[in-house]
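Here are the chains, one letter per residue:
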Amino acid sequence: MIFLTRHEHFNAAHKLYNPSWSPEKNEEVFGKCANANWHGHNYDLMVTIKGEVDADTGFLMDVKKLSQIINEYVCEPLDHRNINMDVTFMKDVLPSTENLAIKIWEQLGPKLPANVKLHCIKLYETPRIGVEYFGPTL
């Protein structure tokens, strides 16, 4: 088994806000991230896939094709968007980095070739804050 990671990037705005809470509770829990005027991040996304190397190509997967899939289904819908308002796959989901990583997994998993499996989504919203998601537990 071999693992291959593709690094991509997108910029997006969001607001962490639970509508069932009072503004004071949101401010207490989310602080500046609950700002009514939103805030943005320069996200770094690392998608790691796994599988066996193809004897004919020497590749697990053509990295250009992997990049195209990531960009079409994740980066383009997110880049320079308001995650709360503009991103269909995040509708009615609190756009924490954790939830965004899970939704990215859900977007990419079904789009990969049958011989390739997702291993990990790493998503950094800042150079010092990031999450890793290894898929649903069975």
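Refer to the preceding data block for the structure.
Everything numeric in this text was worked out from a predicted model, so none of it was measured.

1. A look at the overall build of the chain
Of regular secondary structure, the chain possesses four helices and five strands. The N-to-C order of helical and strand elements in the chain reads β-α-β-α-β-α-α-β-β. Once the C-alpha set of the chain is aligned to its principal axes, its extents read approximately 60 × 30 × 25 Å. Sequence-distant contacts in the chain: of pairs separated by 6 or more residues, those separated by 24 or more amount to 67%. A total accessible area of about 8,300 Å² is found for the chain, and carbon and sulfur atoms account for 52% of it. Positive and negative side-chain charges of the chain, numbering 14 and 18 respectively, have mean locations separated by a distance of 1 Å.

2. A few points about the packing of helix 2 (residues 63-78) against helix 4 (residues 97-108)
It is at 9 Å that the axes of helix 2 and helix 4 come closest, and there the two elements cross at 140 degrees. Comparing their axes, helix 4 and helix 2 come out oblique. For helix 2 against helix 4, the interelement crossing comes out right-handed. From helix 2, Ile-69, Ile-70, Tyr-73, Val-74 and Leu-78 reach across to helix 4, where they touch Leu-100, Ile-104, Gln-107 and Leu-108. Here the contact of helix 2 with helix 4 is built from residues that sort into eight nonpolar, one polar and no charged.

3. Points about helix 2
Between its terminal C-alpha atoms helix 2 stretches 21 Å, which fits the 22 Å expected from 16 residues at 1.5 Å a residue. Where helix 2 is concerned, the buried positions are Leu-66, Ser-67, Ile-69, Ile-70, Val-74, Cys-75 and Leu-78. Each element contacted by the buried residues of helix 2 is listed here: strand 1 (2-14), strand 2 (39-51), strand 3 (81-82), helix 3 (83-86) and helix 4. The N-capping residue of helix 2, defined by a side-chain oxygen 2.8 Å from the backbone nitrogen of Lys-64, is Asp-62. Immediately downstream of helix 2, the backbone of His-80 shows phi near 55 degrees, a positive value.

4. So, the nonpolar core
Core analysis: the largest hydrophobic core is formed by 30 residues, its most contacted members being Leu-45, Leu-100 and Ile-121. Of all elements in the fold, only strand 1, strand 2, helix 2, helix 4, strand 4 (116-126) and strand 5 (129-133) reach the threshold of two or more residues within this core. For this core, the leading source of residues is helix 2, giving six residues. In contact with Ile-121, not counting residues within four places along its chain, are Leu-45, Met-46, Val-47, Ala-101, Ile-104, Trp-105, Leu-108, Val-131, Glu-132 and Tyr-133.

5. Quick look at the sheet that holds strand 1
In space, the five strands of this open sheet follow the order 3-1-2-4-5, with mixed pairing throughout. Both outer strands of the open sheet, strand 3 and strand 5, are each paired with one neighbouring strand and no more. Of the strand pairs in this sheet, strand 4 and strand 5 are connected by five bridges, and their pairing is antiparallel. Following the sheet pairing, Ile-121 is matched in strand 5 by Tyr-133. The sheet contacts of helix 4 involve strand 1, strand 2, strand 4 and strand 5, and relative to strand 4 the element is tilted by about 150 degrees.

6. Side note on the pattern of salt bridges
Working definition: two side chains of opposite charge can pair if their charged atoms are close together. Per the stated rule, a full pass over the model turns up three salt bridges. The partner of Asp-92 in a salt bridge is Lys-91, with the nearest N and O atoms 3.9 Å apart. When its relative accessible area of 59% is taken as the criterion, Lys-91 is described as exposed. The residue Glu-106 makes a salt bridge to Lys-103 at a minimum N-O spacing of 3.1 Å. Of this pair, Glu-106 and Lys-103 are both found in helix 4, three residues apart, which corresponds to roughly one turn of the helix. The exposure class of Lys-103 is partly exposed, given its relative accessible area of 22%.

Conventions we followed
Residues numbered from 1 in each chain as written. Predicted model: local features only at pLDDT ≥ 70, side-chain atom pairs only at ≥ 80, totals over all residues. Heavy atoms only, no water. Helix = DSSP H or I, 4+ residues; strand = E, 2+ residues; numbered from the N terminus. Contact = heavy atoms within 4.5 Å. Areas by Shrake-Rupley, 256 points an atom, 1.4 Å probe, with all protein chains shown as cover. Lys, Arg positive; Asp, Glu negative; His and termini not counted. Charge placed at Lys NZ, Arg CZ, Asp CG, Glu CD. Axes fitted to C-alpha atoms, helices over the stretch in contact; angles between N-to-C directions. Parallel < 35°, antiparallel > 145°, perpendicular 65-115°, else oblique. Left-handed = near helix turned anticlockwise from the far one by under 90°. Nonpolar A, V, L, I, M, F, W, Y, C, P; charged D, E, K, R; others polar. Expected span 1.5 Å × (residues − 1). Buried < 20%, exposed > 50% of the residue type's maximum accessible area, 1.4 Å probe, protein only. Polar contact = N/O pair within 3.5 Å; in protein donor to acceptor, adjacent residues only side chain to side chain. Core = buried A, V, L, I, M, F, W, Y, C linked by side-chain atoms within 4.5 Å. Pairing = 2+ DSSP bridges. Salt bridge = Lys/Arg side-chain N within 4 Å of Asp/Glu carboxyl O.

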